[in-house]
Amino acid sequence: MADFDPEKFEDKYANYFTELQRAYKDAFETMNEGFDSDLIHAIDQQVLNESEPFYEDGEFRIELPENPTERVTAVVVDEEKLEATLERYVAEIEAELRSVFGLDDRDEPKA
């Protein structure tokens, strides 16, 4: 677990690249085990590859690219299923970020 500093997260790719990779990878593996793997791969490659993690007000959030569901063209999927799966995937990434940075209990990081 990395010592988390919210100010350093502003330059996340310089300071926390390895941790970000791990969180996204762990979320992918969790989602791939429980959902349609073709859909998970499509979301990963066509939406999440351009997502951006942020840490604000004590929470992680994932900003998706514009029109995320329209980007998924590698599989044929019902719009409702796609939206629900994408929402669940984003929640999984946010949970993995909390885990990787030791913020599972939602406490503010210690300085």
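Computed from a predicted structure; not experimentally measured. (Residues numbered from 1 in each chain as written. Predicted model: local features only at pLDDT ≥ 70, side-chain atom pairs only at ≥ 80, totals over all residues. Heavy atoms only, no water.)

A.B. asks: Help me understand the overall build of the chain, please; the structure alone is not making it clear to me.
C.D. replies: Per the secondary structure count, the chain includes 5 helices and 2 strands. Reading the chain from its N terminus to its C terminus gives the helix and strand order α-α-α-β-β-α-α. A compact globule built from 111 residues should have a C-alpha radius of gyration of about 13 Å, and the chain, at 14 Å, falls within 12% of that. Taken along the three principal axes of its C-alpha coordinates, the chain extends 45 × 25 × 20 Å. Across the chain, every contact between residues at least 6 apart in sequence was considered, and the portion connecting residues at least 24 apart equals 67%. (Helix = DSSP H or I, 4+ residues; strand = E, 2+ residues; numbered from the N terminus. Rg over C-alpha atoms; globule rule 2.2 N^0.38 Å. Contact = heavy atoms within 4.5 Å.)

A.B. asks: Looking at this structure, I do not really get the nonpolar core. What am I missing?
C.D. replies: One broad rule of soluble globular proteins: the nonpolar side chains tend to lie buried together. Membership of the largest hydrophobic core comes to 28 residues, with the highest contact counts inside it found for Ile43, Tyr89 and Phe101. If you tally residues by element for this core, the top one is helix α5 (residues 79-100), at 7 residues. (Core = buried A, V, L, I, M, F, W, Y, C linked by side-chain atoms within 4.5 Å. Buried < 20%, exposed > 50% of the residue type's maximum accessible area, 1.4 Å probe, protein only.)

A.B. asks: Would you explain the pattern of salt bridges in this entry?
C.D. replies: If you walk through the whole model with that rule in mind, you get 7 salt bridges. Here Arg61 and Glu56 are joined by a salt bridge, their closest N and O atoms 2.7 Å apart. According to the relative accessible area criterion, Glu56 is partly exposed, its value standing at 37%. Here the salt bridges share partners, and the residues they tie into one network are Glu56, Arg61 and Glu63. (Salt bridge = Lys/Arg side-chain N within 4 Å of Asp/Glu carboxyl O.)

A.B. asks: Help me understand a negative patch on the surface in this model?
C.D. replies: Taken together, the side chains of Glu66, Glu70, Asp78, Glu79, Glu80, Glu83 and Glu87 make up a negatively charged region of the molecular surface. Ranked by residues supplied to the negative patch, first place goes to α5 with 4 residues. Its location among the elements puts Glu70 in helix α4 (residues 68-71). (Patch = residues over 30% accessible without salt bridge, like charges linked within 9 Å, V, L, I, M, F, W, Y side chains within 5 Å. Areas by Shrake-Rupley, 256 points an atom, 1.4 Å probe, with all protein chains shown as cover. Lys, Arg positive; Asp, Glu negative; His and termini not counted. Charge placed at Lys NZ, Arg CZ, Asp CG, Glu CD.)

A.B. asks: Is there a simple way to think about α5 in this case?
C.D. replies: For an α-helix the count is 3.6 residues per turn, leaving residues at separations of three or four pointing the same way. Over its 22 residues, α5 runs 31 Å from end to end, which matches the ideal 32 Å to within 8%, given 1.5 Å per residue. Every buried residue belonging to α5 is among Leu82, Thr85, Leu86, Tyr89, Val90, Glu92, Ile93, Glu94, Glu96, Leu97, Arg98 and Val100, and all of these are buried. As for α5, its buried residues are in contact with α2 (17-34), α3 (37-46), β1 (52-56), β2 (59-63) and α4. Its side-chain oxygen placed 2.9 Å from the backbone nitrogen of Glu80, Asp78 serves as the N-cap of α5. (Expected span 1.5 Å × (residues − 1). Polar contact = N/O pair within 3.5 Å; in protein donor to acceptor, adjacent residues only side chain to side chain.)

A.B. asks: Got a minute to help me understand unusual backbone geometry in this structure?
C.D. replies: Peptide bonds are trans in most cases, and residues, glycine excluded, mostly fall at negative phi. A positive phi angle, near 50 degrees, is found at Asp57, a position not held by glycine. Considering the arrangement of structural elements, one finds Asp57 in the loop between β1 and β2. Phi is positive for Asn67, which is not a glycine, with a value near 50 degrees. Judged by relative accessible area, Asn67 falls into the partly exposed class, the value being 41%.

A.B. asks: What exactly am I supposed to notice about the environment of Glu80 here?
C.D. replies: Within the secondary structure, Glu80 is located in helix α5. Classification of Glu80 by relative accessible area gives exposed; the value is 64%. A sequence separation of 11 residues divides Glu80 from Thr69, and the C-alpha atoms of the two residues are 9.9 Å apart.

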